[in-house]
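# Structural overview for review
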Amino acid sequence: MASVGGKHAHRSDLVRLLQDDQTQPLLKTPQHVERTKRNSGDPYWSRLETRIWTVTLLMGTCLLYCARASMPICAVSMSGYFGWDKRQSGVALGSFFWGYCVTQVAGGHLSDRVGGEKVILLSALSWGFITAVIPLAAHMTGDPLLLVSLLRFLMGLLQGNPQGRGWVFNVVPWLVAIPSAVLSGLLSDYLITQGYKTIWVRKLMQICGMGISSLFVLCLAHTDSYCHAIVFASIAVGLQTFNHSGITVNVQDLAPSCAGFLFGVANTGGALLGVVWVYLSGYLIESSGSWDPMFHLVVAVNMLGLLVFLEFAKSERMDVEMIHI
């Protein structure tokens, strides 16, 4: 009897162990964690890591736009010093976009393959150096327009996105853009967590970024007051940052597995328009003697883009990610 009872006890213990083994979580090896990340999309970042990356990306973005805006701010003084007309200034400014559009697709694909942090580090070091070299190089050559345009072209490659009053007008709107961009992100996240459909939130952000901002661009075109111009320009630029919570992140909604490549394709189109836009702006200002036609064209492009996005935008995931475990 003891042996029979022992057999039953042994069998019961074995069954219990098997059940416990099935209910206990598996040992989380690095491979298991990586598979879990791919399946759930949750990177398991700690709060500290999230904060560090947020601050780092914020500082990096601020430095990037400081470098990008340095030439437009200095363009008036440089034009007067070197004797450039509006078209020549447009060449120097527009050369950035030629470089910017060339590397969008390649940069996005490379980021998907080797990691965005490596690409950002290399490009940031390079365009930072170029920014520091531009004023020195401009005084060391007999053809400053050619050299400055070349350096701006290289700077655009590595980033592949009109005195005291001019400085204020160029800086203040971008200072407004920083909190506005943060607000748009918080607002879109809040609306989504409250149950609103993602696509409707994206469209709302675009209405603010391209629709409402266009009203203030029109106001900017028809004001003669310097103070009013700063206010209208600041509101317009601030509202345009809502695009980051609309069409910009919509690429991530549609195809997160290849978002870098697709964003590169989309941004190439925008950069090409930027190339044409700079030259066209210089031509319109020279021929009409007024800024009004340029602002009206901005509004027309914004409204056309907004109508296309409202009509065709979707948020359902389109890519199919194959996961091998």
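Cut-offs and rules
Residues numbered from 1 in each chain as written. Predicted model: local features only at pLDDT ≥ 70, side-chain atom pairs only at ≥ 80, totals over all residues. Heavy atoms only, no water. Phe/Tyr/Trp six-rings, centres within 6.5 Å; stacked < 30°, edge-to-face > 60°. Lys NZ or Arg CZ within 6 Å of the ring centre and 35° of its normal. Core = buried A, V, L, I, M, F, W, Y, C linked by side-chain atoms within 4.5 Å. Buried < 20%, exposed > 50% of the residue type's maximum accessible area, 1.4 Å probe, protein only. Helix = DSSP H or I, 4+ residues; strand = E, 2+ residues; numbered from the N terminus. pLDDT = per-residue confidence, 0-100. Contact = heavy atoms within 4.5 Å.

Scanning the model with the defined rule gives 0 aromatic pairs in all. Cation over ring: K203 sits above W200, and NZ or CZ is 4.9 Å from the ring centre.

The subject of this paragraph is the nonpolar core. With 16 residues, the main nonpolar core has M71, M78, W84, A92, V148 and M155 as its most contacted residues. Counting only elements with at least two residues in this core, the list comes to α3 (47–82), α4 (86–102), α6 (116–138) and α7 (144–159). Ranked by residues supplied to this core, first place goes to α6 with 5 residues.

Scored by pLDDT, the chain comes out at a mean of 75, with 78% of its residues at no less than 70. Taken element by element, the predicted model of the chain shows its lowest mean pLDDT in helix α2 (residues 30–40) (45) and its highest in helix α9 (residues 198–221) (93). Predicted confidence for residues 17–42 stays below pLDDT 50, and this span has 14 contacts to residues more than four positions away or in other chains.

So, about the environment of I247. Assignment of secondary structure puts I247 in helix α11 (residues 247–254). Classification of I247 as partly exposed rests on a relative accessible area of 42%. For the pair I247 and I199, spaced 48 residues apart in sequence, the C-alpha separation works out to 9.9 Å. Dropping the residues within four chain positions of it, I247 is found in contact with Q206 and F309.

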